[in-house]
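Reading the structure
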Number of protein chains: 2
Amino acid sequence: MTQVGDLKVITFYDFASTKESTKAWNPNCWKTRYSLNYKGLPYKTIWLEYPDVEPTLKAAGIAPTSTKPDGSPMYTIPAIEDPNTGTAIAESFVIAQYLDKTYPDKPTLIPAGTKALQSAFANVSFVHVAPILQFAYLIMIENVLNPKSRGYFCEARKNDILRGVSIEDAYPRGERAKEEWGKVKAGFETIANWMNKEDGRFVMGDTVSFADFVVGGWVQMAKKTWDEDSQEWKDISTWNGGRWPRLLEDLEKYASIA
Amino acid sequence: MTQVGDLKVITFYDFASTKESTKAWNPNCWKTRYSLNYKGLPYKTIWLEYPDVEPTLKAAGIAPTSTKPDGSPMYTIPAIEDPNTGTAIAESFVIAQYLDKTYPDKPTLIPAGTKALQSAFANVSFVHVAPILQFAYLIMIENVLNPKSRGYFCEARKNDILRGVSIEDAYPRGERAKEEWGKVKAGFETIANWMNKEDGRFVMGDTVSFADFVVGGWVQMAKKTWDEDSQEWKDISTWNGGRWPRLLEDLEKYASIA
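Quantities reported herein were computed from a predicted structural model and do not represent experimental measurements.

1. Focus: the sheet that holds strand β3 (residues 10-15) of chain B
All names here are of chain B. Spatial strand order, β4-β3-β7-β8: four strands in an open sheet with mixed pairing. Looking at which strands have only one partner, the edges of the open sheet turn out to be β4 (43-48) and β8 (87-90). The mean inter-strand angle of the sheet, taken between neighbouring strand axes irrespective of direction, is 20 degrees. Judged from the six bridges that link them, β3 and β4 form a sheet pairing that is parallel. Across the sheet, D14 pairs through a bridge with W47, a residue of β4.

In structure tokens:
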């Protein structure tokens, strides 16, 4: 077992992808990568294909986080195995709480008293930015995911987020595309309005917290999913005075991929 | 101009209602009532009928807070006029920020660094609890609002929240009622899950903050809208281990109606 300083190396599970430029594309896994880096903990990423998530997590003794539409247990990543404590858990907010509790001398992800607020923030960011997913999924199966993951991903998203509609059919086209992309813009604008510039660069002002990793995760997803010269990325990177790529810059020192 | 101690009395605008038992029924106005009481500021309520809101606020020099579906300015309450500073403003979160800034020696509504989180919390609580409105509106026009307000209220809600459907038609009946009431229950449960019991009675643990007034406002609305022996109130008051009426008890010392 590898050791860095006093600590053994944590195993971190993220999703695999086709190439270097789309590596680390999943917004939820970014929340945990940012968390591990922010706390300065040693970790190593294992890149999983979708069909391998369930058997890998089961073998590691990591509990499912939710239930599939058919009622069977749903295993999700991000997940970590921490050999320092023997803990193996999934779900980015659960992981963040565990890391704060286990490593209280490292920088804090969820400042005292803000747990419910941080949790609500993560939830509402999803509500507002979620319209982006119907656009992103098609690009993901075309450019981001390996063949081994594509079928699983198409089936899973059709059955959960897209409520019975295929990724292909859910992709907004024509007038609907304009309308739905307008919702994505409005969603980012809502978040921008919460984070007034005069209060600082981060959700809590000058203090970095888990909430920034939630927003940063969404922006990372957009940047990895679309090409840099795509209209989608050009739009997102200019919205709200260019604050979204600027957020990634501000979080850059916690963005290394280990 | 009345004066209490060193401070002149703030004017607070809330909505009128038919009788004592439905008095102070509006969830947004509760956020400001709780805020004023929590800070211990002297105030006096002016109870307005819906058609009187716009002319009253215009006369007081209070700016509109949003835009009606037809593009014209929308004047909303809660609103306050503070003779101590000559400030006249609307919208509960704006008012809370103003009160914290103007009266920093009084208890804090929005603890340092939590502005964006508190704002997001208010927003997401609305998203989750909003399915209750389609049930509540019909009871409001029958039992809570005076005749002078009813027509305005029906027209306004049809044109904004209910997106073209009348209050009468929007009221869920039969199987749909079960399904939609299930969403209300799920919404309260989501909020309950953010506020783990082991962390304290309030959103921020043992510290009261604006977020509690958001949740408390919703519960007050439910309690005032439905009779105490209605199935609706019985349901809400037993959900999540009875925590919603308990929250009102915990906030009782900030709930006086002046």
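2. Here we look at the relation of the copies chain A and chain B
Between chain A and chain B, which share one sequence, the superposing operator has a rotation angle of 180 degrees and an axial displacement of 0.0 Å; the RMSD is 0.0 Å. Taken together, the turn and the small shift mark the pair as related by a two-fold rotation axis. Most of the interface of chain A is mirrored in chain B, where 100% of its interface residues are also at the interface.

3. Brief notes about the interface of chain A and chain B
Facing 21 residues of chain A, the contacting portion of chain B comprises 21 residues. Buried area between chain A and chain B, both sides added, is near 1,700 Å², and the carbon and sulfur share of it is 66%. Viewed at the interface, chain B and chain A are joined by zero salt bridges. At 11 residues, the largest contribution of residues to the side of chain A that touches chain B is made by helix α4 (residues 115-129) of chain A. Class assignment for the residues of the side of chain A that touches chain B results in 11 nonpolar, eight polar and two charged.

4. Quick word on the sheet that holds strand β8 (residues 87-90) of chain A
All names here are of chain A. Pairing in this open sheet of four strands is mixed, and the strands run β4-β3-β7-β8 from one edge to the other. The open sheet terminates on both sides in strands that have one partner only, identified here as β4 (43-48) and β8. Strand-to-strand twist of the sheet, defined as the mean angle between neighbouring strand axes without regard to direction, takes the value 20 degrees. Pairing of strand β3 (residues 10-15) with strand β7 (residues 79-82), which is carried by three bridges, proceeds in the antiparallel orientation. The partner of Y13 across the bridge, within β7, is A79. Set on the sheet, helix α1 (residues 27-38) makes contact with β3, β4 and β7; between it and β3 the angle comes to about 150 degrees.

5. Some words on the packing of aromatic side chains
For any pair of aromatic rings, the description consists of the separation of the ring centres together with the inter-plane angle of the planes. With the rule as written, the count across this model stands at 39 aromatic pairs over all chains. Through pairs of rings, three or more aromatic residues link up here, namely A:F135, A:Y171, A:W181, A:F188, A:W226, A:W239 and A:W244. Above the ring of A:W244, the side-chain terminus of A:R243 is found at 5.6 Å from the ring centroid. When the ring centre of B:W30 is taken as reference, the NZ or CZ atom of B:R33 above it lies at 4.6 Å.

6. Regarding helix α10 (residues 231-250) of chain A
Residue and element names in this part refer to chain A. For α10, spanning 20 residues, the distance from its first C-alpha to its last is only 24 Å, which falls clearly below the expected 28 Å at 1.5 Å a residue. Approximately 120 degrees is the largest bend angle found in α10, and it occurs at G241, with the proline P245 only one to four residues beyond. Listed in full, the buried residues belonging to α10 are E232, W233, D235, I236, S237, W239, G242, R243, W244, L247, L248 and D250. Taken together, the buried residues of α10 touch α1, α8 (174-194) and α9 (210-225).

7. What about the packing of helix α5 (residues 133-144) of chain B against helix α9 (residues 210-225) of chain B?
All names here are of chain B. Where α5 meets α9, the axes come as close as 10 Å, and the angle between the chain directions of the two elements is 45 degrees. The angle between the axes of α5 and α9 places the two elements in the oblique class. At the point where α5 passes α9, the crossing takes the left-handed sense. Mapping the contact onto sequence places L133, A136, I139, M140 and V144 in α5 and W218, M221, K224 and T225 in α9. Residues that form the contact of α5 with α9 fall into these classes: seven nonpolar, one polar and one charged.

8. Digging into the nonpolar core
Across soluble globular proteins, nonpolar side chains have a tendency to be buried as a group. A:I132 and B:I132 are the most contacted members of the largest nonpolar core, which has 178 residues in total. Ignoring anything within four residues of it in the chain, the contact list for B:I132 reads B:W181, B:V184, B:F188, B:W218, B:M221, B:A222, B:W226 and B:I236.

9. Comments concerning the domain arrangement of chain A
Residues and elements named next belong to chain A. Split by domain assignment, chain A resolves into domain 1 (3-102) and domain 2 (115-254). The C-alpha centroid of domain 2 is placed 20 Å from the C-alpha centroid of domain 1. Taken over both partners, the interface formed by domain 1 and domain 2 buries close to 2,700 Å², and the fraction arising from carbon and sulfur atoms is 65%. Our count for the contact surface shared by domain 1 and domain 2 stands at one salt bridge. A salt bridge links D52 to K148, with the shortest nitrogen-to-oxygen separation between them at 2.9 Å. Looking at the side of domain 1 that touches domain 2, the element that brings in the most residues is α1, giving eight residues. Tallied by class, residues from the side of domain 1 that touches domain 2 come to 13 nonpolar, eight polar and seven charged.

Parameters at a glance
Residues numbered from 1 in each chain as written. Chains lettered and ligands numbered in written order. Predicted model: local features only at pLDDT ≥ 70, side-chain atom pairs only at ≥ 80, totals over all residues. Heavy atoms only, no water. Pairing = 2+ DSSP bridges. Helix = DSSP H or I, 4+ residues; strand = E, 2+ residues; numbered from the N terminus. Axes fitted to C-alpha atoms, helices over the stretch in contact; angles between N-to-C directions. Least-squares fit on C-alpha atoms with pLDDT ≥ 70 in both. Contact = heavy atoms within 4.5 Å. Buried area = accessible area lost by both parts, 1.4 Å probe. Salt bridge = Lys/Arg side-chain N within 4 Å of Asp/Glu carboxyl O. Nonpolar A, V, L, I, M, F, W, Y, C, P; charged D, E, K, R; others polar. Phe/Tyr/Trp six-rings, centres within 6.5 Å; stacked < 30°, edge-to-face > 60°. Lys NZ or Arg CZ within 6 Å of the ring centre and 35° of its normal. Expected span 1.5 Å × (residues − 1). Bend = angle between axes of the 7 residues up to and from the residue. Buried < 20%, exposed > 50% of the residue type's maximum accessible area, 1.4 Å probe, protein only. Parallel < 35°, antiparallel > 145°, perpendicular 65-115°, else oblique. Left-handed = near helix turned anticlockwise from the far one by under 90°. Core = buried A, V, L, I, M, F, W, Y, C linked by side-chain atoms within 4.5 Å. Domains from an automatic or database assignment.

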